[in-house]
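# Survey of secondary and tertiary structure
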2 protein chains.
Amino acid sequence: MTLAISIDDVKSAAEQIEGVVARTPLIENIALNKLAGGRVFIKPECLQHTGSFKFRGAYNRLSRLSDEEKARGVLAFSSGNHAQGVARAAELLGIDATIVMPEDAPALKLEATKGYGAKVVLYDRYNEDREEVANRVAGDSGVTVVPPYNDSFIMAGQGTSALEVAEDLNVLGITPDQALVCCGGGGLASGSFTVYRHYFPDMQGYAVEPEAFDDVARSLESGNIESVDFGARSICDALLTPSPGTLTFPVLQEAGAKGLTISDDEARRAVAFASNMLKVTAEPGGAAALAALLAGKVETKDRVTVCIISGGNIAPELLKQCLEDFS
Amino acid sequence: MTLAISIDDVKSAAEQIEGVVARTPLIENIALNKLAGGRVFIKPECLQHTGSFKFRGAYNRLSRLSDEEKARGVLAFSSGNHAQGVARAAELLGIDATIVMPEDAPALKLEATKGYGAKVVLYDRYNEDREEVANRVAGDSGVTVVPPYNDSFIMAGQGTSALEVAEDLNVLGITPDQALVCCGGGGLASGSFTVYRHYFPDMQGYAVEPEAFDDVARSLESGNIESVDFGARSICDALLTPSPGTLTFPVLQEAGAKGLTISDDEARRAVAFASNMLKVTAEPGGAAALAALLAGKVETKDRVTVCIISGGNIAPELLKQCLEDFS
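Values in this document were obtained by computation on a predicted structure and should not be read as measured data.

Scoring rules and cut-offs
Note that residues are indexed from 1 along each chain, following the sequence as it is written. Lettering for chains starts from A, numbering for ligands starts from 1, and both go in the order in which the items are written. Totals for whole chains, interfaces and linings use every residue, but because this is a predicted model, local features are given only for residues with pLDDT of at least 70 and side-chain atom pairs only at 80 or more, for both listing and counting. Excluding hydrogens and water, the side-chain values take into account all heavy atoms of the structure. What counts as a helix is a DSSP run of H or I of at least four residues, what counts as a strand is a run of E of at least two, and both are numbered from the N terminus. This radius of gyration counts C-alpha atoms alone. The globule rule is 2.2 Å times how many residues there are, raised to the power 0.38. Each residue is placed in one exposure class: buried if its accessible area under a 1.4 Å probe, protein chains only, is under 20% of its type's maximum, exposed if it is over 50%, and partly exposed if it falls in between. Here a residue-residue contact requires only that any non-hydrogen atoms of the pair lie within 4.5 Å. Only the protein chains shown count as cover for residues, and all accessible areas are computed by the Shrake-Rupley method using a 1.4 Å probe. Whether two aromatic rings pair depends on their centres lying within 6.5 Å, for rings of Phe, Tyr and Trp, where Trp uses its six-membered ring; planes under 30 degrees apart make the pair stacked, over 60 edge-to-face, and the rest tilted. A ring is considered to have a charge above it if a Lys NZ or an Arg CZ atom is located within 6 Å of its centre and within 35 degrees of its normal. The pairing criterion is simple: DSSP has to find at least two bridges between the two strands. Each domain's extent is set by a domain assignment, obtained either automatically or from a database. Buried area is a sum: the accessible area each of two parts loses on coming together, probed at 1.4 Å, counted once for each and added. Here, a salt bridge means any Lys or Arg side-chain nitrogen found within 4 Å of an Asp or Glu carboxyl oxygen.

## Quick look at the overall build of chain A
Helix and strand counts for chain A stand at 14 helices and ten strands. In terms of C-alpha radius of gyration, chain A reaches 18 Å, essentially the compact-globule figure of 20 Å for 327 residues. Along the longest, intermediate and shortest principal axes, the C-alpha atoms of chain A span 55 × 45 × 40 Å. Among the 327 residues that make up chain A, the fraction classed as buried is 63%. A sequence separation of at least 24 residues applies to 75% of the contacts in chain A between residues at least 6 apart. Carbon and sulfur atoms form 45% of the exposed surface of chain A, whose accessible area is close to 11900 Å².

This is the structure:
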């Protein structure tokens, strides 16, 4: 079976988005290194435009549409970060965007999405199927639906973040041992591991999910696409995906990725650590990989670990609670 | 009169600290640009090792000591950020460091300084003169006192942050109109404006201070070194300096810098904005320049403004309060 993306697709995405998407830094923190007993490189995608890595894939996808497709507009369904990424990419490219969002999405994400000029349609996350709602909204308008992860341009675009990491590590002459990547539907993880296995064949990739949304971990174990319970809940609103994608999963499998899970409290603790020690704002889902690291779910002693903070769109009220409980 | 530093000193400092000091990114934020009506480039030195720009000057200064001087150790007096910068530079260079800190310095800064292996001596900021205390502690040990700003190696080291900004803007082909720099004793401002006037002769530099610590603003107006009232207070603990330095002030004057002041609430609002919108953790003093920008103290419409966030070492409790009051 042919995989949905290769390293060349990620390199092509990097060219496509250059100058539009921010090149985020690679951060090493003294306190975190001491804690880990090894070197940890943090990739803070919370510093990306729209506050998460999602803008990378969205811009790669939307900028590839034909003029005719652009004129008909785009439609996306998202809990918030993909929404903002698509809305901003559409704003830059002069495309009309409609975003279907769960009515319990963080207010911050709803407002930001509207702020980028998108039309927002709300639905009930727990009693309606978002794809059905999206199809209903689309009708026969000929609008292009932009999936959040199960699309090769999206996956390749998300992988550009890891391409920057690999370039920066190569300049430093450092070969990493392992990478921790936050994982919902597997767009970021599939793009990232495509890059890492190319540059660092011996590197182990870990997809980190909330405990109640361990579909990728279980799928990687069973070898089949597994789903989570429809009633599952987590504070990591960016990672609430029922199952890995038909395009993302084979890439994760082929890369030899493993799954890890974290609790809500581990995520909240990581949010506080990111703010206090790393000086960046992370949202719970964006801090999932860091949470796994801080909770000791992988061996970091005498190893070089790459860890992404994938997003920072957290409500001030929730950040306050994390600081209160875990500082 | 010869100025204490030139652009060549800053370039030499950049070579001296390369690979040890982090190259921080230059961030552009969509929401901030819309608010400003122009382009704003943020230099987040909160992402620097030790959480502030101070590590740059400290490493440049300490690494220039002779082996004999290194063996006798160093002594610094600081409210916290210079303390951490010196402590970490000393740790890396194998130098014993003693730091004299005010007893009301943020606990976070005290602990971090100790964490880098320095010996900490406390004093009463409001009833004792810190230089006298430092001299008493030094005795006849032959220890080298590392001043927080009034030293050409320190000033040149701090200027390396602006050198990175200038390099990044040159790559983008952008000529900035103005720069806002947080200002205590003028180490960062003098180093920065030395760089900016070299690369961008028409750029206007602004030194931003807390209202009660407007010594630099008044000095620039009168043409003489002015001091603040001994009982002055501000939430910006990193900027509580009574007067500009004898070496820093002439550089600020020669660069045609102007002074701006901000209130404590303006600083607290900027801390919340930095966390919520820019996704970085700023301390009040570190957010002073951003505070001036957000409060409209300079015209930003249709202009290109560079604004530093000079430090992020804020107590979680204070960050919580800023988020509570200004989100």
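Past the structure itself, the notes keep going.
## Comments concerning the packing of aromatic side chains
By the definition in use, this model includes four aromatic pairs over all chains. For the ring pair Phe55(B) and Tyr59(B), a centre distance of 6.0 Å and an interplane angle of 55° mean the geometry is tilted. Highlighted residues: Phe55(B) and Tyr59(B), both in helix 3 (residues 54–62), separated by four residues, approximately one helical turn. A single burial state applies to Phe55(B) and to Tyr59(B), both of which are buried. Centroid distance Tyr199(B) to Phe200(B): 6.4 Å. Interplanar angle 50°. Geometry classified as tilted. The ring of Tyr126(A) carries the charged tip of Arg233(A) above its face, separated from the ring centre by 3.6 Å.

## Description of the sheet that holds strand 4 (residues 97–102) of chain A
An order of 5-4-3-6 (chain A) is seen for the four strands of this open sheet, with the pairing classed as parallel. Pairing within the sheet leaves two strands with one partner each, and these edge strands are strand 5 (119–123) and strand 6 (144–145) of chain A.

## A word on the domain arrangement of chain A
Residue and element names in this part refer to chain A. In terms of domain boundaries, chain A breaks down into domain 1 (7–53 + 152–326) and domain 2 (55–146). Once you take the C-alpha centre of each, domain 1 and domain 2 turn out to be 23 Å apart. Listed per partner, the contact involves 34 residues of domain 1 and 23 residues of domain 2. When the two sides are added together, the surface that domain 1 and domain 2 hide from each other amounts to roughly 2400 Å², 56% of it contributed by carbon and sulfur. Three residues stand out in domain 1 for area buried against domain 2, namely Gln16, Thr50 and Phe153, and they jointly supply 27% of the buried area on that side. Our count for the domain 1 to domain 2 interface comes out at four salt bridges.

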